[in-house]
Amino acid sequence: MKEIKIGKIKTFMKTKTKYEENIERISNDFPIVRRFFTAVYHVIATENLRGFHTFCVINNLNTSNMARLTKEPHRQFPLNLLTLMVEKYNFSAHWLVTGKGPLKNND
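Residues numbered from 1 in each chain as written. Predicted model: local features only at pLDDT ≥ 70, side-chain atom pairs only at ≥ 80, totals over all residues. Heavy atoms only, no water.

**What to know about the overall build of the chain**
Scanning the chain from N- to C-terminus turns up 6 helices and 2 strands. Per-residue burial for the chain yields a buried fraction of 35% across its 107 residues. For the chain, the proportion of contacts with a sequence separation of at least 24, taken over those separated by at least 6, is 41%. As displayed, the chain offers around 7,400 Å² of accessible surface, 51% of which is attributable to carbon and sulfur atoms. (Helix = DSSP H or I, 4+ residues; strand = E, 2+ residues; numbered from the N terminus. Buried < 20%, exposed > 50% of the residue type's maximum accessible area, 1.4 Å probe, protein only. Contact = heavy atoms within 4.5 Å. Areas by Shrake-Rupley, 256 points an atom, 1.4 Å probe, with all protein chains shown as cover.)

Set out below in C-alpha cells:
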C-alpha cells in the first residue's frame, strides 16, 4: 500500500497489481474482454477476495490462461467466462456484450 497525505489526513491507496495494469492496457478494440475483466475486479472488490488468483481458484479457472487473456486480448475469448459472470455473479449479459444498460441484473 502506498501512503499519501491530503492536508493533515493520511490515507492509503492500494497499489495496482500487474493484472490490474494489464487490464487497463487492453485496447478499446476488445470491449467485451475489457468489460469481462472490469466485472472480475468488481467481484474481487465486492466479495472481498484477495485478488485475481483467488478469483481464478474459486471459479476453477487456469490463472495462466486468464492472465494471458489480459496480455493478448486478440486471442479467442472463451464465452463460458461470460456465462460464469451472468449465472454466478448476476452480471447483465446485455451489459457484458454491448456495454449498455445496468452492470448487474436486479435480484
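**A word on the pattern of salt bridges**
Oppositely charged side chains can pair when the atoms bearing their charge come close. Inspection of every chain in the model, using the stated rule, returns 2 salt bridges. Between Arg25 and Glu21 there is a salt bridge; the shortest N-O distance is 4.0 Å. We classify Arg25 as exposed; its relative accessible area is 59%. For Glu21, a relative accessible area of 35% puts it in the partly exposed group. (Salt bridge = Lys/Arg side-chain N within 4 Å of Asp/Glu carboxyl O.)

**Regarding the nonpolar core**
Judged by nonpolar contacts, the single largest core of 28 residues is most densely connected at Phe36, Phe37, Val40, Phe52, Phe55 and Met85. When contributions to this core are tallied by element, the ones reaching two or more residues are α1 (18-24), α2 (31-46), α3 (52-58), α4 (63-71), α5 (80-87) and α6 (93-98). The biggest single contributor to this core is α2, with 8 residues. Sequence-distant contacts of Phe36, defined by excluding residues within four places in its chain, comprise Met66, Phe77, Leu81, Leu82, Met85 and Leu96. (Core = buried A, V, L, I, M, F, W, Y, C linked by side-chain atoms within 4.5 Å.)

**What about the side chain of Asn59?**
Mapped onto the elements of the fold, Asn59 is located in the loop between α3 and α4. Setting aside residues up to four positions removed in sequence, Asn59 forms contacts with Leu84, Lys88 and Tyr89.

**Notes on α2**
With 16 residues, α2 should reach 22 Å at 1.5 Å per residue; the first-to-last C-alpha distance of 22 Å fits that figure. Looking only at α2, the buried set comprises Val33, Arg35, Phe36, Phe37, Ala39, Val40, Tyr41, Val43 and Ile44. Elements in contact with the buried residues of α2: α1, α3, α4, α5 and α6. Where α2 terminates, the next one or two residues include Asn48, which has phi positive at roughly 55°. (Expected span 1.5 Å × (residues − 1).)

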